[in-house]
Structures are given as structure tokens and as C-alpha cells.
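Structural characterization, general
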Amino acid sequence: MYTLRLLIALLLSIAFAGQVLAQSPSGIPLPEHPRPDFERPEWLNLNGAWAFRFDPDDAGLAEGWHAGRVAFPLTITVPFSWGAPLSGVPDGADIGWYARDITAPAEWTGRRVFLVVGASDYETTVWLDGQQVGQHTGGYTPFSAELTAYLQPGRAQRLVVRVDDTRRDHQLYGKQGYGNARGIWQTPYLEVRGDTPAQAVHFAPDIDREIATVTVRL
């Protein structure tokens, strides 16, 4: 009985995910802002189709794939991890490369612009037009990379992301982890931040005094 319930729940979740994709008015999966508690008004969702290429021999860095001169023959649907049915790409290696063109709105000229990735498993490196703009280690937490120095709003630019999910002894797997989530598996997006942006907000309620203390880290 337990196995049957589990199977039904899995089928319903797959059907619901497919319905979400089909009903998205923007034509991209999960078009909503992933952080309603930290949403900035000027942002651009990067979910959807990305060019993709596996790197089973770890040759991409030496061959300069980040410079954008190498074809990425596959198409992956972000933010679904490679190997997941909704991504459209079967699991084929421990290292994968993503690429797509981005165009920041012209009105973002002179503003601080960041790429935010909700989660990417495990070591992630980001380049914009061949210039490295960020690197992150970890599979379950969001991170950001500032693009301002190399961004040219109003012009198409090449964003390349390399993800190395080679198994490591200190990583969480199986029951303790999130399963075999490989590569980008939470929404990536661009956002405009102020000159001194907030990094975190913490609320500490005091029920007896009917107040809350708000701590903001800049």
C-alpha cells in the first residue's frame, strides 16, 4: 500500500510539473520570482532553454569553452538538473557547461547588476563574454555574481556556466541530501541592486512587548 501511494504521488507531481510548464504565459518554466521575501523590482528570469554540453574528460577549461567559441550541441531546460526528465538531457557526465545569450535592459545602464542562482550542484563558475565573474562551491544555497564591470545593457552578451558535480567525500548524498540533483536546479535570474544593497534581513519578534526587531546586513 505504501509503495502504491508513493507511486501515485510521484505521478501526480510529474503531471503537475508538466501542467505548470504548459500553462506558463511567459513560455518559460517557473516564471515567478523565486524569492518573494527578497524580490527587487527590476529583475529578469533566466529559466528556459540553454545550450548545453557535457565535459566527461574535463577538457573545457583548457580548451577555452568559456570564451564562447565552442558549440554546445544539446538544449537543456533550466532550472531542471541534467538527468531529470523535465530538463530534456539524460545524465551523461559529472561536468556540464551551460551557455545562453542575455540582454540586460538598456535602462539598467549605470546600475549594479547581479546574476543570482538559486542553487547549482556543486562547483559552479560563471563567465560573461569570456570574463570570469563568479565562482561558488556548494549545492543547496543561493549565490550571486556581480556582472556590472562587463555588462553592456541593451546588447546581447554570452553567459557561460560550468558546473562540476564530481562526487566528493564531504558532499551529502542519499537520505541526507537532495538526491541526484546535478547542475543548475533552482531559478537563475538577473537583478538590479542599489549602491549599498541589503544582503540579509532578520526579524526577531517579541510577543510580550508586541514589537519586532529588524536587523539588516548590508
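Up top is the structure these notes are about.
Residues numbered from 1 in each chain as written. Predicted model: local features only at pLDDT ≥ 70, side-chain atom pairs only at ≥ 80, totals over all residues. Heavy atoms only, no water.

Turning to the pattern of salt bridges, a few remarks are in order. Counted under the stated rule, the structure contains 13 salt bridges. Glu42 is the salt-bridge partner of Arg111, the closest N and O atoms lying 2.9 Å from each other. On the criterion of sequence distance, the pair formed by Arg111 in the loop between β4 (95–102) and β5 (112–121) and Glu42 in the loop between α1 (2–23) and β1 (43–45) is long-range, its members being 69 residues apart. Residue classification places Arg111 among the partly exposed positions, given a relative accessible area of 32%. Residues Arg182 and Asp91 are paired through a salt bridge, measuring 3.0 Å at the closest nitrogen-oxygen approach. Of the two residues, Arg182 is situated in the loop between β9 (157–164) and β10 (183–193) and Asp91 in the loop between β3 (74–78) and β4; the sequence distance between them amounts to 91 residues. Residues participating in the shared-partner salt-bridge network are Asp91, Asp94, Asp165 and Arg182. (Salt bridge = Lys/Arg side-chain N within 4 Å of Asp/Glu carboxyl O. Helix = DSSP H or I, 4+ residues; strand = E, 2+ residues; numbered from the N terminus. Buried < 20%, exposed > 50% of the residue type's maximum accessible area, 1.4 Å probe, protein only.)

This part takes up unusual backbone geometry. At the junction of Val78 and Pro79, the peptide bond is cis and its omega measures out at 20° in the coordinates. Inspection of the secondary structure assignment puts Pro79 in the loop between β3 and β4. Even without glycine at this site, Leu30 takes up a positive phi of about 50°. Within the secondary structure, Leu30 is located in the loop between α1 and β1. Positive phi is not limited to glycine here, since Asp58 has a value of about 55°. Judged by relative accessible area, Asp58 falls into the partly exposed class, the value being 41%.

The next thing to look at is the pairing of strand β12 (residues 211–217). When strand β11 (residues 200–206) meets β12, the two strands line up antiparallel, connected through seven bridges. Looking at β12, one finds that Ala200 is bridged to Arg217. (Pairing = 2+ DSSP bridges.)

As for its position among the elements, Arg40 is in the loop between α1 and β1. Reaching out from Arg40, the side chain makes a polar contact with the side chain of Glu191 at a distance of 2.9 Å. Setting aside chain neighbours within four positions, we find Arg40 in contact with His33, Glu191, Val192, Arg193, Pro197 and Ala198. (Polar contact = N/O pair within 3.5 Å; in protein donor to acceptor, adjacent residues only side chain to side chain. Contact = heavy atoms within 4.5 Å.)

To continue, consider a nonpolar patch on the surface. A grouping of Val201, Phe203, Val214, Val216 and Leu218 is seen on the molecular surface, where their side chains present a nonpolar patch of about 480 Å² in accessible area. Elements represented by at least two residues in the nonpolar patch include exactly β11 and β12. Among the structural elements, Phe203 can be located in strand β11. Look at Phe203 and you get exposed, because its relative accessible area is 56%. (Patch = residues over 30% accessible without salt bridge, like charges linked within 9 Å, V, L, I, M, F, W, Y side chains within 5 Å. Areas by Shrake-Rupley, 256 points an atom, 1.4 Å probe, with all protein chains shown as cover.)

A word on the packing of aromatic side chains. Tallied over the entire structure, the rule returns 10 aromatic pairs. Look at Phe52 and Phe54: their rings are 4.9 Å apart centre to centre, the planes differ by 90°, and that puts the pair in the edge-to-face class. The exposure classification of Phe52 matches that of Phe54, with both residues buried. Among the aromatic residues, those joined into a ring-pair cluster are Trp50, Phe52, Phe54, Trp82 and Tyr98. Between the NZ or CZ atom of Arg53 and the centre of the ring of Trp65, over which it lies, the distance is 4.2 Å. One residue, Arg193, lies across the ring of Phe114, its end atom 4.1 Å from the ring centre. (Phe/Tyr/Trp six-rings, centres within 6.5 Å; stacked < 30°, edge-to-face > 60°. Lys NZ or Arg CZ within 6 Å of the ring centre and 35° of its normal.)

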